[in-house]
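# Summary of the model geometry
Chain residues, written in single-letter form:
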Amino acid sequence: MRVAIIHYWIIADRGGEKVVQALCKMFPQAVIYTHVADPEIAQRLFPGHEIRFTRIAKLPFARRHYQKYLPLMPAALEELDLGEFDLILSSESGPAKGIIPPPRALHVCYCHSPMRYVWDHYHLYKSAAGPIARLAMSHFAPRLRLWDATSAMRVDHFAANSAFVAARIGKYYRREATVIAPPVDVSRYLSVNRQNETADRPYLWVGQLTAYKNAELAVRAFNESGKSLHIVGDGEERRKLERIAGPHIRFLGRVSHGALLDAYATARALIFPGEEDFGMVPVEAMAAGLPVIAWARGGALETVKPQLSGVLFDEPSVDALNEAVEQFEATETSFDVSELRAHAKTFDQKTFLTKFRTLLTNQGVRNDEIHD
């Protein structure tokens, strides 16, 4: 069976790439298509796989400024000739699912999120953009929405990474989706030796410093409380956040995996104040034995279980977050590391592979065509 995997871009090692790695494990013969890729990252993540590109890769500075070519990506996808393939798996968050599948091929889309920048996060992205970008967004977004919704009809079956995303697929595409949580490499975090002492340990925020992840709420809340907060990650919001952060807040930037494990080992809890489609970071923290304090929206509702793996707060405000921190500290000793890790294991790669195999066989793919 000839298999193609369509992924929007390969420029970092994040949640979307982990899904593609799992799909490659199931189909080691698959050809990967993408708009742009960092050669070193692509080779490291997908060794042995042929990688083909849309015409976006040939445009000037595409690898660095790929998002500026977003309006050209629909046509680039539709130009791909996929007639040689029997199974097409699209990994959707940026434009990926909008290929034209041959009539006999099965097209299954694993949707991390309908394109945020034209749907639910459109106004957030637009307000953060410069004047020229805002003008361009106003011009191109309506066309992209129309194409995105129409191209959803080319998908035979959707899988969503959370019930939250499945609901948005229903809202914007009017399609049903099977919920399959993404594969979290839980094993990389199980060795963390959690410290028992709680005094003077910092809280922790981990992620890319972009507006929708709402690190600013954490900074303002910890400014008010005076508690210690360490921030791991980088992004366009960093300079602004550093300007407003008080002396109890440290920015560690991008760190190695070993340094991240040390941060998990020495933190009191992970602060997760953004609305994520799923959110792998809380699951990784739980695998390290670290409780999570999260806004009760999006994927956090499916991973953070009160009294078991963390504390939820109902509104994205300084008062609500600080109240959740106080609630956590009052019950901190009740969180059990082994229970946190057992909960995290329900989101591991084995679970993903089992559920995705079931989805594919239900769609007519022979079981012996899928590798273990």
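Residues numbered from 1 in each chain as written. Predicted model: local features only at pLDDT ≥ 70, side-chain atom pairs only at ≥ 80, totals over all residues. Heavy atoms only, no water.

### Examining the overall build of the protein
Which entries qualify depends on this criterion: Working definition: helices are DSSP H or I runs of at least four residues, strands are E runs of at least two. Numbering for both runs from the N terminus. Here the term buried applies to any residue with accessible area under 20% of the maximum for its type, exposed to any over 50%, and partly exposed to those in between, with areas from a 1.4 Å probe on protein chains only. Here, two residues are considered to be in contact whenever any of their heavy atoms come within 4.5 Å of each other. Per-residue and other accessible areas follow the Shrake-Rupley method at a 1.4 Å probe size, with only the shown protein chains counted as cover for residues. Neither His nor the chain termini are counted; the positive set is Lys and Arg, and the negative set is Asp and Glu. In plain terms, the charge of a residue is placed at NZ if it is Lys, CZ if Arg, CG if Asp and CD if Glu.
The secondary structure content of the protein amounts to 15 helices and 13 strands. Buried positions account for 54% of the 372 residues belonging to the protein. Sequence separation of 24 or more characterises 62% of the internal contacts of the protein that already satisfy a separation of 6 or more. As displayed, the protein has an accessible area near 16500 Å², and 51% of this comes from carbon and sulfur atoms. With 44 positive and 43 negative side-chain charges, the protein shows a separation of 5 Å between the mean positions of the two kinds.

### Re a negative patch on the surface
Put simply, the rule is: In this scheme, patches are assembled from residues that exceed 30% relative accessible area and form no salt bridge. Like charges are connected within 9 Å, while nonpolar side chains (Val, Leu, Ile, Met, Phe, Trp, Tyr) are connected within 5 Å. Only one rule defines a salt bridge in this text: a Lys or Arg side-chain nitrogen within 4 Å of an Asp or Glu carboxyl oxygen.
Taken together, the side chains of E224, D314, E315, D319 and E323 define an acidic patch exposed on the protein surface. Relative to the helices and strands, E224 resides in helix 8 (residues 215-225).

### Remarks on the packing of helix 1 (residues 15-26) against helix 15 (residues 349-362)
What describes two packed helices is the angle between their axes and the distance between those same axes. Let me state the cut-off plainly: Fitted lines through C-alpha atoms give the axes, limited to the stretch in contact for helices. The angle between two N-to-C directions lies from 0 to 180 degrees. Here roughly perpendicular refers to angles of 65 to 115 degrees, roughly parallel to angles under 35, roughly antiparallel to angles over 145, and oblique to all remaining angles. By the definition used in this description, the sense in which the near helix is turned from the far one sets the handedness, with an anticlockwise turn below a right angle giving left-handed and a clockwise turn giving right-handed. Ten residue types, Ala, Val, Leu, Ile, Met, Phe, Trp, Tyr, Cys and Pro, are classed as nonpolar, four, Asp, Glu, Lys and Arg, as charged, and the remainder, Gly among them, as polar.
Look at helix 1 against helix 15: their axes get within 11 Å of each other, and the N-to-C directions meet at 60°. Here helix 1 is positioned oblique relative to helix 15, judged by the angle of their axes. Note that helix 1 runs across helix 15; the crossing there is right-handed. Counting all contacts with helix 1, which are made through V19, A22, L23, K25 and M26, the residues of helix 15 involved are Q349, F352, L353, F356, R357 and L360. Split into classes, the residues belonging to the contact of helix 1 with helix 15 amount to eight nonpolar, one polar and two charged.

### Remarks on the nonpolar core
Selection rule: The set of buried Ala, Val, Leu, Ile, Met, Phe, Trp, Tyr and Cys residues whose side-chain atoms join them within 4.5 Å is what this entry labels a nonpolar core.
Of all hydrophobic cores here, the largest spans 42 residues; its most connected members are I6, Y33, L82, I88 and F158. Put simply, the parts of the chain that give this core at least two residues each are strand 1 (3-7), strand 2 (31-34), helix 4 (73-78), strand 5 (106-111), helix 6 (131-151), strand 6 (157-160) and helix 7 (163-173). Apart from residues lying up to four places away in sequence, Y33 is in contact with A4, I5, I6, H7, R52, L80, D81, L82, E84 and F85.

### Points about the packing of helix 8 against helix 13 (residues 318-331)
Viewed as axis vectors pointing N to C, helix 8 and helix 13 meet at an angle of 65°, and their least axial separation amounts to 9 Å. Taken together, the axes of helix 8 and helix 13 lie roughly perpendicular to each other. Note on packing geometry: the crossing formed by helix 8 with helix 13 is right-handed. Between helix 8 and helix 13, the contacting residues are L217, A218, R220, A221, F222, E224 and S225 on the first element and V318, D319, L321, N322 and V325 on the second.

### Observations regarding the packing of aromatic side chains
Operational definition: Aromatic rings from Phe, Tyr and Trp, with only the six-membered ring used for Trp, were paired whenever their centres fell within 6.5 Å, and each pair was classed as stacked if the ring planes differed by under 30 degrees, edge-to-face if by over 60, and tilted otherwise.
Evaluation of the coordinates by the stated rule reveals 13 aromatic pairs. Both rings, one in Y189 and one in Y264, keep their centres 6.0 Å apart while their planes meet at 70°; by these two values the pair is edge-to-face. Of this pair, Y189 sits in the loop between strand 7 (177-179) and strand 8 (203-206) while Y264 sits in helix 10 (residues 257-266), and the two are 75 residues apart along the sequence. Residue classification places Y189 among the buried positions, given a relative accessible area of 5%. Members of the aromatic cluster, connected to one another through ring pairs, are Y203, F222, F328 and F335.

### Brief notes about helix 13
Stated formally: Between the first and last residue of a helix there are one fewer steps than residues, each counted as 1.5 Å, and that sum is the expected span.
The terminal C-alpha atoms of helix 13 lie 20 Å apart, and with 14 residues this matches the ideal 20 Å at 1.5 Å per residue to within 8%. Inspection of helix 13 places A320, L321, N322, A324, V325 and F328 among the buried residues, and these make up the whole buried set. Buried residues along helix 13 sit against strand 8, helix 8, strand 11 (270-272), strand 12 (292-295) and strand 13 (310-313).

### Observations regarding the environment of V219
Secondary-structure assignment places V219 in helix 8. Each C-alpha atom, one on V219 and one on I244, is 7.8 Å from the other, the two residues being 25 residues apart in sequence. Not counting residues within four places of it along the chain, the set of residues in contact with V219 comprises L229, I231, L241, I244, A245, I249 and F251.

### Quick word on helix 15
Formally: The directions from the helix axis to the C-beta atoms form the arc being described.
Over its 14 residues, helix 15 runs 20 Å from end to end, which matches the ideal 20 Å to within 8%, given 1.5 Å per residue. Listed in full, the buried residues belonging to helix 15 are F352, L353, F356, R357, L359 and L360. What you see down the axis of helix 15 is that its buried residues fit within an arc of 160°, all on one side. The exposed set on the far side of helix 15, more than 90 degrees from its buried face, consists of K350 and N362. Along its buried surface, helix 15 packs onto helix 1, strand 4 (87-92), strand 5, strand 6 and strand 7. G364 sits one or two positions beyond helix 15 and adopts a positive phi of about 105°.

### Points about the pattern of salt bridges
Should the charged atoms of two oppositely charged side chains come close, the side chains can pair. Evaluated as defined, the whole model comprises 28 salt bridges. With a shortest N-O distance of 3.5 Å, D13 and K18 are connected by a salt bridge. Between E92 and K97 there is a salt bridge, with the nearest N and O atoms lying 3.5 Å from each other. In this structure E92 comes out as buried when scored by relative accessible area, which is 0%. With relative accessibility at 0%, the residue K97 sits in the buried group. Each of K227, R268, E326, E329 and E332 takes part in a single network of salt bridges with overlapping partners.

### Quick word on the sheet that holds strand 7
Two orientations exist for strands paired in a sheet by backbone hydrogen bonds: parallel and antiparallel. Rules: In short, DSSP must find at least two bridges between two strands for them to pair.
With respect to topology, seven strands assemble into an open sheet ordered 3-2-1-4-5-6-7, the strand pairing being parallel. Each edge of the open sheet is held by one strand with a lone partner, namely strand 3 (51-53) and strand 7. When strand polarity is set aside, the average angle formed by the axes of neighbouring strands in this sheet is 25°. In this sheet, strand 7 lies alongside strand 6 in parallel orientation, the contact comprising three bridges. Looking at strand 7, one finds that A160 is bridged to V179. The strands touched by helix 1 are strand 1, strand 2, strand 4 and strand 5; relative to strand 1, the strand with the most contacts, the crossing angle is about 175°.

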